[in-house]
Amino acid sequence: MELSANLIKELREKTGAGVMDCKKALSETQGDFEKAVKLLHERGAAQAAKKAARVASEGSIGSYIHAGGKLGVLVEINCESDFVAKTADFQTLIKEIAMQIAAANPRCVKREDLSPEIIAQERQIYVAQAAGKPEAVVTKIVEGKLEKFFRDACLMEQSWIRDPNRTIADLLGENVGKLGEKIEIRRFVRFQLGEGAASAGGDGAQA
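Description of the structure in this document.

Thresholds, definitions, all that
- Residues numbered from 1 in each chain as written.
- Predicted model: local features only at pLDDT ≥ 70, side-chain atom pairs only at ≥ 80, totals over all residues.
- Heavy atoms only, no water.
- Axes fitted to C-alpha atoms, helices over the stretch in contact; angles between N-to-C directions.
- Helix = DSSP H or I, 4+ residues; strand = E, 2+ residues; numbered from the N terminus.
- Parallel < 35°, antiparallel > 145°, perpendicular 65-115°, else oblique.
- Left-handed = near helix turned anticlockwise from the far one by under 90°.
- Contact = heavy atoms within 4.5 Å.
- Nonpolar A, V, L, I, M, F, W, Y, C, P; charged D, E, K, R; others polar.
- Buried < 20%, exposed > 50% of the residue type's maximum accessible area, 1.4 Å probe, protein only.
- Polar contact = N/O pair within 3.5 Å; in protein donor to acceptor, adjacent residues only side chain to side chain.
- Salt bridge = Lys/Arg side-chain N within 4 Å of Asp/Glu carboxyl O.
- Core = buried A, V, L, I, M, F, W, Y, C linked by side-chain atoms within 4.5 Å.
- Expected span 1.5 Å × (residues − 1).
- Arc of directions from axis to C-beta.

### Some details on the packing of helix α6 (residues 116–129) against helix α7 (residues 135–153)
- Here α6 crosses α7 at 135°, and the two axes come no closer than 9 Å. Regarding the angle of α6 to α7, the classification is oblique. Crossing angle aside, the handedness with which α6 passes α7 is right-handed. Residues Ile118, Ile119, Glu122, Arg123, Tyr126, Val127 and Gln129 of α6 pack against Val142, Glu143, Lys145, Leu146, Phe149 and Phe150 of α7.
- Grouping the amino acids of the contact of α6 with α7 by side-chain chemistry returns eight nonpolar, one polar and four charged.

Written out as structure tokens, the structure is:
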């Protein structure tokens, strides 16, 4: 089937995939835009999974300063080669991730980074909130609230601030497909002016 240049362009802007990948996805879905988006997301995730065992020892540290210097983020994102680390696409990704951290304030990169103690505390809170209901209902409520907690607390599971229909894991997978290397967010730190000052006796010193 003949595909319009505008449709291909729109799909590229939506997913970040290459021209040929967009053409192939649209052809395979008979020009259905939403199905093509889903297909490209799935392929991005598949490519990320294939490359997961590789070593990503290169990369770059990016920063983002917001609100007139009152909020700042440092983030380290790794890839496999210095060449990819210097590309405009990789640098754009770093900026997007730093902005996401500034806006959404995640606790960690992925759920495996959360301590068992934190998860146990959250579980206890949800169990207490569901007290009095049948055990099967309590279990369902608790697991549902835990999943929501993970989506809020873990960067990889958060909805991307630019497109709530895509997660940060989706965004990373799309860039793996585009750049052809393993890419992973290693760590980040988020600073907010005055954060923790009150608990340190009001003199601005950190405990």
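### Points about the side chain of glutamate 181
- Note that glutamate 181 resides in the loop between α8 (168–179) and β5 (184–192).
- Given the relative accessible area of 11%, glutamate 181 is considered buried.
- At 2.5 Å, the side chain of glutamate 181 forms a polar contact with the side chain of serine 81.

### Re the environment of valine 75
- Mapped onto the elements of the fold, valine 75 is located in strand β2 (residues 71–79).
- The exposure class assigned to valine 75 is buried, which follows from its relative accessible area of 1%.
- Between the alpha carbons of valine 75 and methionine 99 there is a distance of 10.0 Å; along the sequence they are 24 residues apart.
- When residues no more than four places from it in sequence are discounted, the contact partners of valine 75 are Ser60, Ile61, Gly62, Ile94, Ile97, Ala98, Ile101, Ile185, Arg187 and Phe188.

### Focus on the pattern of salt bridges
- This structure, assessed with the given rule, holds twelve salt bridges.
- Its salt-bridge partner being arginine 187, residue glutamate 76 comes within 2.7 Å of it at the nearest N-O pair. Separated by 111 residues along the polypeptide, glutamate 76 in strand β2 and arginine 187 in strand β5 bring together distant segments of the chain.
- Overall, the relative accessible area of 12% leaves glutamate 76 in the buried class.
- Each of the salt bridges in this network shares a partner with another, and the network as a whole consists of Glu76, Arg186 and Arg187.

### Considering the nonpolar core
- Formed by 27 residues in total, the largest nonpolar core has its most connected members in Val75, Ile77, Phe90, Ile97, Ile183 and Ile185.
- No other element matches the eight residues that helix α5 (residues 88–104) contributes to this core.
- Other than its neighbours up to four places away in sequence, isoleucine 97 contacts Val75, Ile77, Leu155, Ile168, Leu171 and Ile185.

### Brief notes about α7
- Here α7 is 19 residues long and its end C-alpha atoms lie 26 Å apart, about the 27 Å a rise of 1.5 Å per residue gives.
- Burial in α7 covers these residues: Val138, Val142, Leu146, Phe149, Phe150 and Ala153. All buried residues of α7 fall inside an arc of 105° around its axis, so they share one side. Of the exposed residues in α7, the ones pointing more than 90 degrees away from its buried face are Ala136 and Lys140.

### Some points on the packing of α5 against α8
- Two elements in contact, α5 and α8, have axes separated by 11 Å at closest approach and are oriented at 175°. Here α5 is positioned roughly antiparallel relative to α8, judged by the angle of their axes. Counting all contacts with α5, which are made through Asp89, Phe90, Leu93, Glu96, Ile97 and Gln100, the residues of α8 involved are Ile168, Leu171, Leu172, Asn175, Lys178 and Leu179.
- For the contact of α5 with α8, the per-class residue count stands at seven nonpolar, two polar and three charged.

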